[in-house]
Amino acid sequence: MCAIAGILALPFDDTIVKKMQLTMMRRGPDGSGVFRTPSCCLLHTRLAIIDPAGGTQPMGLNWGGEAFTITYNGELYNTEDIRRELLALGHQFQGHSDTEVLLHAYAQWGEDCLYKCNGIFAFAVWEHRKKELFLARDRMGVKPVFYKEHEDGFLFASEIKTILQYPTVKAELDTTGIGEILLLGPGRTPGSGVLRGIRELEPGCCGRFSQGRWKWKRYWKLMDREHLDSFSETVEKVSFLVKDAIQRQMISDVPIGTFLSGGLDSSIITAVCDGKKKETG
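Peer 1: Describe the layout of surface pockets, naming the residues involved and giving the relevant values.
Peer 2: If a probe as big as a water molecule is rolled over the atoms, it shows which places are left empty. For the largest pocket, the calculated volume is near 1300 Å³. Taken together, 50 residues make up the lining of the largest pocket; nearest its centre are Glu75, Tyr77, Gly119, Ile120 and Gln249. Residue assignment for the lining of the largest pocket shows that the elements contributing at least two residues are strand S5 (66-76), helix H3 (98-109), strand S6 (119-127), helix H6 (231-248) and helix H7 (264-280). When residues of the lining of the largest pocket are assigned to their parent elements, the largest contribution, six residues, is made by H6. Split by residue class, the lining of the largest pocket holds 28 nonpolar, 14 polar and eight charged.

Peer 1: Report on unusual backbone geometry, specifying residues and quantitative values.
Peer 2: Residue Gln57 is joined to Pro58 through a cis peptide bond whose omega torsion reads -5°. Structurally, Pro58 is set in the loop between strand S3 (40-46) and strand S4 (59-63). Going from Gly185 to Pro186, the amide bond is cis rather than trans, its omega being 10°. In this fold, Pro186 is placed in the loop between helix H5 (175-184) and strand S10 (198-200). The phi torsion at Asp152 lies on the positive side, around 65°, for a residue other than glycine. Looking at the secondary structure, you find Asp152 in the loop between strand S8 (146-150) and strand S9 (153-157). Judged by relative accessible area, Asp152 falls into the exposed class, the value being 70%.

Peer 1: Describe the packing of H6 against H7, naming the residues involved and giving the relevant values.
Peer 2: Taken N-terminus to C-terminus, the directions of H6 and H7 make an angle of 65°; their axes are 10 Å apart at the nearest point. It follows that H6 is roughly perpendicular to H7 by the angle criterion. Where H6 crosses over H7, the two elements pack in a sense that is right-handed. The segment H6 lies against H7, with Val242, Lys243, Ile246 and Gln247 engaging Ile268, Ile269, Val272, Cys273 and Lys276. By residue class, the composition of the contact of H6 with H7 is six nonpolar, one polar and two charged.

The rules behind the values
Residues numbered from 1 in each chain as written. Predicted model: local features only at pLDDT ≥ 70, side-chain atom pairs only at ≥ 80, totals over all residues. Heavy atoms only, no water. 1 Å grid on protein atoms, 1.4 Å probe; cavity = no way out; pocket = protein on both sides within 12 Å on 5 of 7 lines; lining within 4 Å. Points joined across faces, edges and corners; volume = space filled by probe spheres on them. Helix = DSSP H or I, 4+ residues; strand = E, 2+ residues; numbered from the N terminus. Nonpolar A, V, L, I, M, F, W, Y, C, P; charged D, E, K, R; others polar. Buried < 20%, exposed > 50% of the residue type's maximum accessible area, 1.4 Å probe, protein only. Axes fitted to C-alpha atoms, helices over the stretch in contact; angles between N-to-C directions. Parallel < 35°, antiparallel > 145°, perpendicular 65-115°, else oblique. Left-handed = near helix turned anticlockwise from the far one by under 90°. Contact = heavy atoms within 4.5 Å.

This is the structure we're talking about:
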């Protein structure tokens, strides 16, 4: 995992940035980076899985008359599918990280790139000319992201404790937060950050901070429908989906392993991984 954070339309200095980044290091011990403009600061700490040398963040791109900078936590399981589509549209790549592919995808399609992404992610893109920040979270909410509208500005981070390092943010509870702790803890209602003014970007949601205003929306929602497949069709589809999901997550430039508890799920994952490794040598 990695960690992301950002400061928008608020004053910051090296001390603030360092304090925030120190809270992020356990999520990203392999590297760190900072992008700064007078109105935007993006932070990143990295756990390197794919393209350790070429996937440094925050990462920038100039495309179509606009400059973009991304800070990203996650993994795309269809990176190569998206890369091929972008290559056909004239994009060129310096490395093979999914970060670079996601950045080019956003530059090409804007927020519609979310509909092409098969993966788990939380990412923010700063559009330099527009002076807008786009923030998004994966469909199931595997990767966390919290935010706070604060003093006409905006703060976001993978963890609440990073936001709390901003000097004028206080760890305060209101009656809603007390109710979250006493009635639901350790769980939370969707969107709640428990502490006053801190919110969670819900799964399947994205938003923009522009001209001092934050607006979010839901881009995906799980829908149910009647199951009409026969038993044999169900077996075939479930088998394909399980194997495809596991094999797509095996893409890595570092050694991979499984946590084998002996239960059904970990046994299936280990067996599929072992079979795939034997196939590919």
